[in-house]
Amino acid sequence: MKQYPAKNIINIALAGHSGSGKTSIAEAMLYLSGATDRRGKVSDGNTVCDYDPEEIRRKASVSAAVAPLEWKNHKINLIDAPGLFDFEGGLCEAVRAADSVLIAVSGKDGVSVGTEKAYEAASARGLSKIFFVNGLADEDARFYRVFEDLKRSFGPSTCPVVVPYIVDGKADIYINILEYKAYDYSGGKPVEVKMPDMGDRLEGLRTAIYEAVAETSDEMFEKYFSGEPFTPEEVIVGVSKGVKSGAITPVFCGDALLMRGMEQFMDGLTWLAPSAAEKAGEVGADVDGEPVEISVNPDGATAAIVFKTIADPFVGKVSYLKVISGKVAQDSQLVNMRTGNTDRIGKVVLMRGKKQEDLGAICAGDIGAVLKLSGANTGDTLCAPTRKVTLDGVEYPNPTLSMAILPKNKGEEDKVAQGIFRLVEEDPTIHFSNNAETHQMIVSGLGEQHLDVVVSKLKSKFGVDVVLQKPRVPYRETIRKKVQVQGRHKKQTGGHGQFGDVWIEFEPCDSEGLEFGERVVGGSVPKNFFPAVEKGLRECIAKGPLAGYPVVGLRATLYDGSYHPVDSSEMAFKTAASLAYKAGMPQASPVLLEPIGALSATVPDGNMGDIMGEVNKRRGRVLGMNPAGKEGYQTIEAEVPVAEMSDFSTFMRQATQGRGSFRFDFVRYEEAPAMVAQKVIEEAKASGQVE
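Residue positions are given per chain, counted from 1 along the sequence in the order it is written. Reporting in this predicted model follows two pLDDT cut-offs: at least 70 for local features of residues, and 80 or more for side-chain atom pairs to be given and counted; totals over whole chains, interfaces and linings ignore these cut-offs and use all residues. Neither water nor hydrogens contribute to the side-chain values; these are computed over all heavy atoms in the structure.

1. Some words on the layout of surface pockets
Test applied: Two kinds of site are reported from a 1 Å grid over the protein atoms alone, namely cavities, where a 1.4 Å probe fits but cannot get out, and pockets, open sets with protein on both sides within 12 Å along at least five of seven lines, and residues are called lining when an atom falls within 4 Å of a point. Grid points are joined across faces, edges and corners, and a volume is the space filled by probe spheres set on the points. Strands are runs of DSSP state E lasting at least 2 residues, helices are runs of H or I lasting at least 4, and numbering of each runs from the N terminus. Under the scheme applied, nonpolar residues are Ala, Val, Leu, Ile, Met, Phe, Trp, Tyr, Cys and Pro; charged residues are Asp, Glu, Lys and Arg; polar residues are all the others, including Gly.
Taken as a whole, the largest pocket holds about 1100 Å³ of empty space. Every residue lining the largest pocket is counted, 34 residues in all, and those nearest its centre are Glu-88, Cys-92, Lys-117, Pro-397 and Ser-661. Only helix H3 (88-97), helix H4 (113-124), helix H16 (648-656) and strand S36 (661-671) provide two or more residues apiece to the lining of the largest pocket. Here the element with the most residues in the lining of the largest pocket is H4; it accounts for six residues. The class makeup of the residues in the lining of the largest pocket is 15 nonpolar, eight polar and eleven charged. Taken together, 32 residues make up the lining of the second largest pocket; nearest its centre are Ser-402, Ile-442, Ser-444, Val-642 and Phe-664. Broken down by secondary-structure element, the contributors of at least two residues to the lining of the second largest pocket are strand S24 (401-407), strand S25 (431-435), strand S26 (440-445) and S36. Among the elements that line the lining of the second largest pocket, the one with the most residues is S36, at six residues.

2. A short note on the sheet that holds strand S22 (residues 367-371)
Going by this rule: If DSSP finds at least two bridges between two strands, the strands pair. Think of each axis as a best-fit line through the C-alpha atoms, taken over the contacting stretch in the case of a helix, with angles from 0 to 180 degrees between the N-to-C directions. We call two residues contacting when some pair of their heavy atoms lies within 4.5 Å.
If you trace the eight strands from one edge of the open sheet to the other, you get S18-S17-S23-S14-S15-S22-S19-S20, paired in antiparallel fashion. Every interior strand has two partners, whereas the edge strands, strand S18 (342-344) and strand S20 (355-358), have only one. Along the sheet, successive strands turn relative to each other by an average axial angle of 40°, direction set aside. Where strand S19 (residues 348-352) and S22 come together, two bridges link them in antiparallel fashion. Bridge pairing in S22 places Val-349 opposite Ala-369. Helix-sheet contacts for H3 involve strand S14 (303-312), strand S15 (316-325) and S22, and the interaxial angle to S14 is about 150°.

3. Focus: helix H1 (residues 22-33)
The line we're drawing: What a helix is expected to span follows from its residue count: subtract one and scale by 1.5 Å. Only protein chains enter the accessibility calculation, which uses a 1.4 Å probe; a residue is then buried when its area is under 20% of its type maximum, exposed when over 50%, and partly exposed in between.
The end-to-end C-alpha separation of H1 is 17 Å, in line with the 16 Å expected for twelve residues at 1.5 Å each. Burial within H1 is extensive, with ten of its twelve residues counted as buried. Within H1, burial applies to Lys-22, Thr-23, Ser-24, Ile-25, Ala-26, Glu-27, Ala-28, Met-29, Leu-30 and Ser-33. Just beyond H1, the residue with positive phi is Gly-34, at close to 85°.

Printed below as a string of structure tokens:
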């Protein structure tokens, strides 16, 4: 593929609800443009964008894929984003690289949660938005109902450009109502035909266009509402400017599987969608944190963002770049602003799905990839040493579901960890940690399907079988009253014996673990044995008397004891301290503490009652509600025991149809209710965790 200037490059993310036909739209565009010689089908597992084995098996996208094509002297970089919410990280990457977002909408189902999420993601970055109502060959499709749904959901800026003319339930003719041209697709190829008589419906759609154009400026607004008609030129120019500024969202339609309306849509992209020259400029930060405007200049100092990474054990690392300024060429030297290192750029390629094509260089405004750039991660800025700037990274959602991950074969823990670290490189929405308290490896993601993909990839890419389990809760134990106990260790063997005798006072205090002190008088216990007593106690608090969980909030004061001038030793006093601990803790009213987290759940107004009711069922306390900063949404603030939150993400998604989101962070420990504590203690005894 030849190099294109930024004014002829269109970077567009393809997003929308799962099942709306995004990948099929990409296949149709690639085939029409000649970028592929056949159209793949999701059902057959042979599409350009869904090339990962997991995508082929699931018949759904699980990561963003890039597929460039050429159309009417333009290069269109398609970035196909997953529609499933568990793989929202792919949408974040696609939107970061794009200058506009094409939102696929089912002609049968209309506006769905995925439609809303795609629209919001585009709006958050100030990107242009374009709707494509797909699947109109389906007898259950209803374009005009869907169009009204779009206007109701996204406002009067929703502007029809291409609409179907339906005869006997068939959508074979598509009309460009800006140009007053109609095309018949019943023979496969589009043939221009006489404009059909649509009566009041066409005038109603023209009114929708005028309303959208009126929203683009005060001048147009005043002209429209004064009753003065727009000229045809004002309409076309107004729509074009409005789309590029984000004030208008045009609506196209067709059927990607049957290739209907696709030529009209692709022609529309070339004059409606903003070019990289118009939209790809950014504001970065210099080394002092001051804002720096970076224009799309092919002769400027290089600045590029890594928006996606593939870490494959066989192919190697592939870093996808969007170049804002200058160019990224093979063998050039660029600074990674995260690490501070200067990296040599290796092979530069164009990626179309999994296929590579040598590029030589990625120019300003364009998208490409660099192979084996080992030091770079997603979100990194690569720039020329002469102008060091940092661009905004990729904003990912926080993981909401955590599970313990165990190898099926003992001894493969390191293999699991190394595999997950590699997966995190290409999917930063996966989080991984090793919980030192519960002795479990914890993997976190955006949902059950997301973690299921992690399990599958660990086996297929790294050859390790794993299982997921509900993670253990890191409980604590403490005491509620003061006790004084003796710990006496005496053992006589051949030669020197062992003797240590201590009196220790145990009492509750406000501390993270053990506070040790002494008030020994008269030398009943020599000072040189004090450290041994403290060491013995510190080893003991790792296991509490109730369920074997660590003890916190404990003050131990050594106040008396005795010793033998020959048989006493550090080991003897350490043992005596442990005997005092074992004797005293059960007498000091021990209690189980459970971790409590702060929940911040943002949900639609209509789901408030369901979520608050669920919080109460999970032994939580609702602390209050606040406006979410988003119309029709509220944020519920609550505190909930960690033990009750393992499947909350699943409930939240089901209750809100995916519209809700939440954050949950540990805040403190509280005494567990008697029934909860008893169950935990019984489970600990059954598992051998405590005697």
